[in-house]
Each structure stands twice: as structure tokens, then as C-alpha cells.
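Inside the fold
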Amino acid sequence: QVQLVESGGGLVQAGGSLTLSCKASGRNFGAHNMGWFRHAPGKERVFVAGISWKAGSTVYEDSVKGRFTISRDNAKNTVQLQMNSLKPEDTAVYYCAVESYPFLTVVRRNALDYEYWGQGTQVTVSS
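Overview of the structure. (Residues numbered from 1 in each chain as written. Predicted model: local features only at pLDDT ≥ 70, side-chain atom pairs only at ≥ 80, totals over all residues. Heavy atoms only, no water.)

1. What about the sheet that holds strand 7 (residues 68-73)?
With respect to topology, four strands assemble into an open sheet ordered 1-3-8-7, the strand pairing being antiparallel. Among the strands making up the open sheet, the edge pair consists of strand 1 (3-7) and strand 7. Looking at each pair of strands side by side, their axes are set apart by 15 degrees on average, direction ignored. Pairing between strand 1 and strand 3 (residues 18-25): five bridges, direction antiparallel. Bridge pairing links Ser7 to Ser21 in strand 3. (Pairing = 2+ DSSP bridges. Helix = DSSP H or I, 4+ residues; strand = E, 2+ residues; numbered from the N terminus. Axes fitted to C-alpha atoms, helices over the stretch in contact; angles between N-to-C directions.)

2. Some words on the state of the cysteines
Tallied over the full model, the rule gives one disulfide. The disulfide that involves Cys22 links it to Cys96, with 2.2 Å between the sulfurs. The chirality of the disulfide connecting Cys22 with Cys96 is left-handed, given an S-S dihedral of about -75 degrees. You can see Cys22 sitting in strand 3 and its partner Cys96 sitting in strand 9 (residues 92-99), a full 74 residues away along the chain. The exposure class assigned to Cys96 is buried, which follows from its relative accessible area of 0%. (Disulfide = S-S within 2.5 Å. Buried < 20%, exposed > 50% of the residue type's maximum accessible area, 1.4 Å probe, protein only.)

3. Some words on the pairing of strand 8 (residues 78-83)
The element strand 8 is largely enclosed, with a buried count of five among its six residues. Summarising the sheet, strand 3 and strand 8 pair through six bridges and their orientation is antiparallel. Bridged to Leu20 within strand 8 is Leu81. Pairing of strand 7 with strand 8, which is carried by six bridges, proceeds in the antiparallel orientation. The residue bridging Ser71 from the neighbouring strand is Gln80, located in strand 8.

4. Brief notes about the pattern of salt bridges
Counting across every chain of the model gives three salt bridges. We note a salt bridge from Arg38 to Asp90, for which the minimum N-O separation is 3.0 Å. Note that Arg38 is positioned in strand 4 (residues 34-39) and Asp90 in the loop between strand 8 and strand 9, a separation of 52 residues in sequence. In this structure Arg38 comes out as buried when scored by relative accessible area, which is 10%. Using a relative accessible area of 1% as the deciding quantity, one classes Asp90 as buried. One salt bridge in this structure joins Lys65 and Asp62, with 3.1 Å as the shortest N-O distance. Residue class for Asp62 comes out exposed when judged on its relative accessible area of 59%. (Salt bridge = Lys/Arg side-chain N within 4 Å of Asp/Glu carboxyl O.)

5. A word on unusual backbone geometry
Residues other than glycine seldom take positive phi values, yet Asn77 does so here, at roughly 60 degrees. When you line up the elements, Asn77 lands in the loop between strand 7 and strand 8. For Asn77, a relative accessible area of 13% corresponds to the buried category. One non-glycine residue, Phe103, lies in the positive phi region at around 60 degrees. Examined against the element boundaries, Phe103 turns out to sit in the loop between strand 9 and strand 10 (114-117). According to the relative accessible area criterion, Phe103 is exposed, its value standing at 57%.

The values reported here are purely geometric and, on their own, carry no functional implication.
Here it is, written out as C-alpha cells:
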């Protein structure tokens, strides 16, 4: 069975940093684009960042550009999200996800294009 497990969330003050990690098991996702989504209270789940299967292209939601960095380690079947200069509006549950099909050229932003999801990790940023 495919499983994705996120870790690294926590409570930080505005301006602080956190690094989220996602470990996949049950299948090698080296040929799949991967992404991070977040779900804040009262809002829908939205795309945050994505990385191509070749790890040469990255895509970010406008509000996190210059602050967040997504990376992957295919040898370990993991994907990371380094978050710097955190703001209260970044508060949400963050989810790691894997696209449904391999070898896709463009990273998808729609959650419906992702098949496998982690359980989520809470990130809370205080003022």
C-alpha cells in the first residue's frame, strides 16, 4: 500500500522558519511530479508548491514565492518544503501529494490531479 507521511510542523512566531518533510513508501515516485497543498480553517485546500519528476522545475503559489523552497530526494523517496519568513496567513494543515500519472511535463496545481496524499502536518504562525 502507498503511504505518505508528513513531519516537521509546529508553532512558530512570525518571521520564523520551518522545514516540512514527506516520506513516501510502497512505490517509487521518481517519475511523478509531487506537490504541497495547505488547508486553512474556513478555506478550501489550495496548491502551495510543486516539483517536477526530474527535479529541474518548480512551481509556487504567488504568496509564497521567495519564502518557500520545495526540493526532493528521489533516492530516499522524499520531498521537502523549506518555509522561511513565515506569516500568520501561512497557518494551515500542510499536505504532501503525488500526481496520478508519471512523466508529466508540467506540474499540476489542481488537487484533483493528485492521487496519493499524506495525513497532513499542522503549521501555526503567531503574530
